Amino acid sequence: MLYVKKSIYFLLLCLLTACANSEIEVAPWNNAPVPVVFSVISPNAPVQVYLNRTYNQSSPVVKNPYPEAKVYICGPDNNWVELTRLSPDTTIFKDTIKQLVIEKGKTYSLKVVLANSTVHAQTTIPSTPGVINEVTCQMLESYIDSNSAIYVNGELVEANVNKIDVSITPGSNAESSYFLSLFSDLTNDYTNISENRYQSSDFWTPKEDSTSFTLNLITCDRYYKRYLYAQSISEVSDDYSVNSPVMALIMSFGGVLPQFSNIVNGVGLFSNTVTDSKRVTVKPTAN
């Protein structure tokens, strides 16, 4: 199935470093709390922005560290649209009345106005994202035969094991990355596609949808890819609640600036995805 396996190399490196040093030293970087922003925009999806701050032992943990924050996004027309804070104690902002139209090939700017600083970033939607050409899929084993299961939105469900063959056409941006998923976003299981063809004899699909399923090819930029890999390395909860994307950043880096950040005057991610979908018919188990 579509799994990104968590690497232990980062933890091993930390362990080896700890064994080599018996004295506690002050880190050379500035670990003062800074704003953390997370937003991934997509055509035909509502725009949301998550705002919080990096963790520091000397700073108290609060639900809403920036109650004064104002969040804006604009397209090439420079018409700034203010997003709505969903509730007074939340750190989530959303385009609730759908004023923003996210289109391929256009650049979008983010601005977060705080009491003492302004955080900003940009992201450009690819003009030509990746597309799925052909897909063939045949069931190999039923759930009873394989005792397999898959997580769907945090719940473990019975699964069938299939053989799949997918061909894709990459987009025009050489730095784009491509992921296959049964879901419309990358908060569930997915797999990275590094070539124009993907084949597997261990592709799991929910048993309740044994005759067909929707396969998504998600195009994302280099920043989002690095975020996904950093998140898979860190020991972050699998509970994808509304705050988990930004909490992954906070918990993983604790004040140390992550190299994949594209946020000015803060840390985090302002990125985009474009999804191409195809309905796939599953051939029955071969006799």
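Topologically, Thr 118 is positioned in strand S8 (residues 118–124). Between the alpha carbons of Thr 118 and Lys 70 there is a distance of 9.6 Å; along the sequence they are 48 residues apart. Among all residues touching Thr 118, those that are not within four sequence positions of it are Lys 111, Val 112, Val 113, Val 264 and Asn 265.

Our next topic: the sheet that holds strand S3 (residues 70–74). Strand order across the open sheet formed by 4 strands is S4-S3-S7-S8, with antiparallel pairing between neighbours. A strand with exactly one partner marks an edge of an open sheet, and here the two such strands are strand S4 (81–82) and S8. Both strand S7 (residues 107–113) and S8 contribute to a ladder of 7 bridges, which runs antiparallel. Looking across to S8, one finds that Tyr 108 is bridged to Thr 123.

Summarising the sheet, strand S1 (residues 35–41) and strand S16 (residues 267–283) pair through 6 bridges and their orientation is parallel. Paired with Val 37 across the strands is Gly 268, a residue of S16. The pairing of strand S15 (residues 212–220) with S16 spans 9 bridges and is classified as antiparallel. Following the sheet pairing, Leu 215 is matched in S16 by Lys 278.

The rules behind the values
Residues numbered from 1 in each chain as written. Predicted model: local features only at pLDDT ≥ 70, side-chain atom pairs only at ≥ 80, totals over all residues. Heavy atoms only, no water. Helix = DSSP H or I, 4+ residues; strand = E, 2+ residues; numbered from the N terminus. Contact = heavy atoms within 4.5 Å. Pairing = 2+ DSSP bridges.

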